[in-house]
Amino acid sequence: MEIAEILDLLPHRYPFLLVDRILEQSADEVVGLKNVTINEPFFQGHFPGEPIMPGVLIVEAMAQTGGMLALSYVTRESYNKPIYFLGLDKVRFRRPVRPGDQLILKLKLLQRRGYVFKMKGEAFVNEQLVAEAELMATVESPKPDKADDGSRA
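Remember, it's a predicted structure, so these values are computed and weren't measured experimentally. (Residues numbered from 1 in each chain as written. Predicted model: local features only at pLDDT ≥ 70, side-chain atom pairs only at ≥ 80, totals over all residues. Heavy atoms only, no water.)

A. Quick peek at the side chain of Glu60. Within the element layout of this structure, Glu60 appears in helix H2 (residues 55-71). One buried charged residue, Glu60, forms no salt bridge at all, with the nearest opposite charge on Arg13 at 11 Å. Those residues in contact with Glu60 that sit more than four places away from it in its chain are His12, Phe16, Leu18 and Phe85. (Helix = DSSP H or I, 4+ residues; strand = E, 2+ residues; numbered from the N terminus. Buried < 20%, exposed > 50% of the residue type's maximum accessible area, 1.4 Å probe, protein only. Lys, Arg positive; Asp, Glu negative; His and termini not counted. Salt bridge = Lys/Arg side-chain N within 4 Å of Asp/Glu carboxyl O. Contact = heavy atoms within 4.5 Å.)

Set out below in structure tokens:
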């Protein structure tokens, strides 16, 4: 899946869109790609002379990739709706991510209840694990029509 389709589905935009491509997707797994370049705005301050991608942005890239998987379970009306973090568990950072790296983001669905998703995320550079986390998120569900609010006239 190319960037144009990602932009159709996710509400994120530059400089906060952190997924460049979806490489693979099945019913319960997704693999995304983030090209890490020196042009990223966060490298100006993190850290001068020793640029390292902030861990929180690695986790955000995992979440956005997982969001693509979550959106495959919801209605078209939920596309471009906010996807909210509900929780993070077992977050670990193993190695730094630097300009020039290709971040491969692998997310596996662990559990789904309605619009709430729990996923296992792993981020790799050159097949080496750089970060991992369990993420819980929800996609904002579409609002029912006023005519269908369950009330009787």
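B. Region of the structure containing the environment of Phe16. Summarising the element assignment, Phe16 is placed in the loop between helix H1 (3-9) and strand E1 (21-25). When its relative accessible area of 40% is taken as the criterion, Phe16 is described as partly exposed. Residue contacts for Phe16: discarding those within four places in its chain leaves Leu57, Glu60 and Gln64.

C. Just the confidence of the model for the protein chain, in detail. In the predicted model, the protein chain carries a mean pLDDT of 90, and the fraction of residues at 70 or more is 88%. Element-level mean pLDDT values for the protein chain span from 89 in H1 up to 98 in strand E2 (residues 29-35). Low pLDDT, under 50, characterises residues 145-153; the predicted model gives this stretch 0 contacts beyond four residues in sequence or across chains. (pLDDT = per-residue confidence, 0-100.)

D. Fine view of the nonpolar core. Met53, Ile58, Met62, Val97, Leu103 and Ala123 are the most contacted members of the largest nonpolar core, which totals 36 residues. Those elements that place two or more of their residues in this core are H1, H2, strand E4 (102-113), strand E5 (116-125) and strand E6 (128-139). The element that contributes the greatest number of residues to this core is H2, accounting for 9 residues. Discounting chain neighbours no more than four positions away, the residues touching Met62 are Leu105, Leu107, Gly121, Glu122, Ala123, Ala131, Glu132, Ala133 and Leu135. (Core = buried A, V, L, I, M, F, W, Y, C linked by side-chain atoms within 4.5 Å.)

E. Spatial organisation of the packing of aromatic side chains. The full count for this structure, using the stated rule, is 2 aromatic pairs. Plain terms: the ring middles of Tyr73 and Phe117 are 6.0 Å apart, the flat faces sit at 50 degrees to each other, and that makes the pair tilted. Highlighted residues: Tyr73 in the loop between H2 and strand E3 (83-93) and Phe117 in strand E5, separated in sequence by 44 residues. If you follow Lys106 out to its NZ or CZ, it ends over the ring of Phe124, 4.9 Å from the centre. (Phe/Tyr/Trp six-rings, centres within 6.5 Å; stacked < 30°, edge-to-face > 60°. Lys NZ or Arg CZ within 6 Å of the ring centre and 35° of its normal.)

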